Amino acid sequence: IGPIARGAGLTVAIKQHGGTTATGAMCAEIVEAVADEGIKMFFDAGNNAWYAGSDPIPDVKRAAPHIRGFAIKDYRGFPSRTTCGPAFGEIDHYKLLAPVAQTGLKMPLAFETITEPYVRRPSSPESIDRLARNAREHLETVIAGLQAALAAPKKD
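The model shown is predicted, which means the values in this text are computed figures rather than measured ones.

(A) Representation of helix 2 (residues 24-34) within the structure. Among all positions of helix 2, only G24, A25, C27, A28 and V31 are buried. All buried residues of helix 2 fall inside an arc of 160° around its axis, so they share one side. Where helix 2 is buried, its residues meet strand 1 (12-14), strand 2 (39-43), helix 3 (45-52) and helix 4 (56-63).

(B) Broad picture of the environment of A148. Considering the arrangement of structural elements, one finds A148 in helix 6 (residues 125-151). Separated by 142 residues in the primary sequence, A148 and R6 have C-alpha atoms spaced 34 Å apart.

(C) Here's a closer look at the layout of surface pockets. In this model, the largest pocket occupies a volume close to 290 Å³. Surrounding the largest pocket, 14 residues form its lining, V100, A101, L105, M107 and I143 being those nearest its centre. Only helix 5 (93-101) and helix 6 provide two or more residues apiece to the lining of the largest pocket. With four residues, helix 6 is the single largest residue contributor to the lining of the largest pocket. Looking at the lining of the largest pocket residue by residue, the classes come out as 10 nonpolar, three polar and one charged.

(D) A look at the side chain of K73. Position of K73 relative to the elements: it lies in the loop between strand 3 (67-72) and strand 4 (74-76). A polar side-chain atom of K73 sits 2.8 Å from a polar atom in the side chain of D44. Separated by 2.8 Å, the side chains of K73 and E112 make a polar contact. Setting aside anything within four residues of it in sequence, one finds K73 in contact with K15, D44, G46, N47, T83, C84, I91, H93, E112 and T113.

(E) Spotlight on the pairing of strand 3. For strand 3, the tally of buried residues reaches five of six residues, placing the bulk of the element in the interior. Relative to strand 3, strand 2 runs parallel, the two sharing three bridges. Across the sheet, the residue bridging to F43 is F70, located in strand 3. Bridge analysis of strand 3 against strand 6 (residues 109-111) gives three bridges, and the strand direction is parallel. Pairing of A71 across the sheet is with A110, part of strand 6.

(F) Here's a closer look at the nonpolar core. Counting residues in hydrophobic clusters, the biggest one holds 24 residues, and the most contacted among them are M41, F43, I67, F70 and L96. Of all the secondary-structure elements, those providing two or more residues to this core are helix 2, strand 2, helix 3, helix 4, strand 3, helix 5 and helix 6. Setting aside residues up to four positions removed in sequence, F43 forms contacts with Q16, G24, N48, P56, D59, V60, A63, I67, G69, F70, A71 and L96.

(G) The arrangement of the packing of helix 4 against helix 5 in detail. Direction vectors running N to C along helix 4 and helix 5 enclose 10°, while the axes themselves pass 9 Å from each other. Our classification of the angle between helix 4 and helix 5 gives roughly parallel. Counted together, I57, V60 and K61 of helix 4 and K95, L96 and P99 of helix 5 form the full contact between these two elements. Among the residues forming the contact of helix 4 with helix 5, the class breakdown is four nonpolar, no polar and two charged.

(H) Broad picture of the side chain of K40. By secondary structure assignment, the location of K40 is in strand 2. Look past the residues within four positions of K40 in its chain and what remains in contact with it is T11, V12, A13, I14, V31, H66 and R68.

Parameters and conventions
- Residues numbered from 1 in each chain as written.
- Predicted model: local features only at pLDDT ≥ 70, side-chain atom pairs only at ≥ 80, totals over all residues.
- Heavy atoms only, no water.
- Buried < 20%, exposed > 50% of the residue type's maximum accessible area, 1.4 Å probe, protein only.
- Helix = DSSP H or I, 4+ residues; strand = E, 2+ residues; numbered from the N terminus.
- Arc of directions from axis to C-beta.
- Contact = heavy atoms within 4.5 Å.
- 1 Å grid on protein atoms, 1.4 Å probe; cavity = no way out; pocket = protein on both sides within 12 Å on 5 of 7 lines; lining within 4 Å.
- Points joined across faces, edges and corners; volume = space filled by probe spheres on them.
- Nonpolar A, V, L, I, M, F, W, Y, C, P; charged D, E, K, R; others polar.
- Polar contact = N/O pair within 3.5 Å; in protein donor to acceptor, adjacent residues only side chain to side chain.
- Pairing = 2+ DSSP bridges.
- Core = buried A, V, L, I, M, F, W, Y, C linked by side-chain atoms within 4.5 Å.
- Axes fitted to C-alpha atoms, helices over the stretch in contact; angles between N-to-C directions.
- Parallel < 35°, antiparallel > 145°, perpendicular 65-115°, else oblique.

Here it is as C-alpha cells:
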C-alpha cells in the first residue's frame, strides 16, 4: 500500500490499538519492516496506556522518527481506567511532544476526546465549547513552552 499512497500524495498512518500494535515501539517496528515512506504512524498516548498498560513517554522516544501526527487524548488510571481530554489525565504532554518538537515537521494533533474523566458527557453546545477551548489552550501552551525551551540557549 506504501507505493499506492505515495503515488496519490498520501501517507498511510498506523497507531497503537492493541494486539500487535499495542505500543509505539511495536508500531515503529512495523513501519521499519515495511520500509516505505508512504507508511508512517500517529502516536496515541492514551491507547498506549489503555491497551498496553505502559507509560507512553519512553515509548514515544522509540517511535519518534516515524511519527507524523498525534491522536491527542489523555488517560487516567485512578480511581478507575478511563480516557479523557488533555490536561485531565496523567500524560505529560510536554514530555510526550518533546521528542518530535525538534524535527521541524508540521504534523496534525487530532483531539480524539476532549471530555472530563468520570463525569457525564456534556450535552450543551456551551459545555462542549468549553471543553474544546480547554483542550486547544492546553496544547497551545505546551507547544509554545516547548518552542521557547528549544529556542533558548543551552546553559552549562
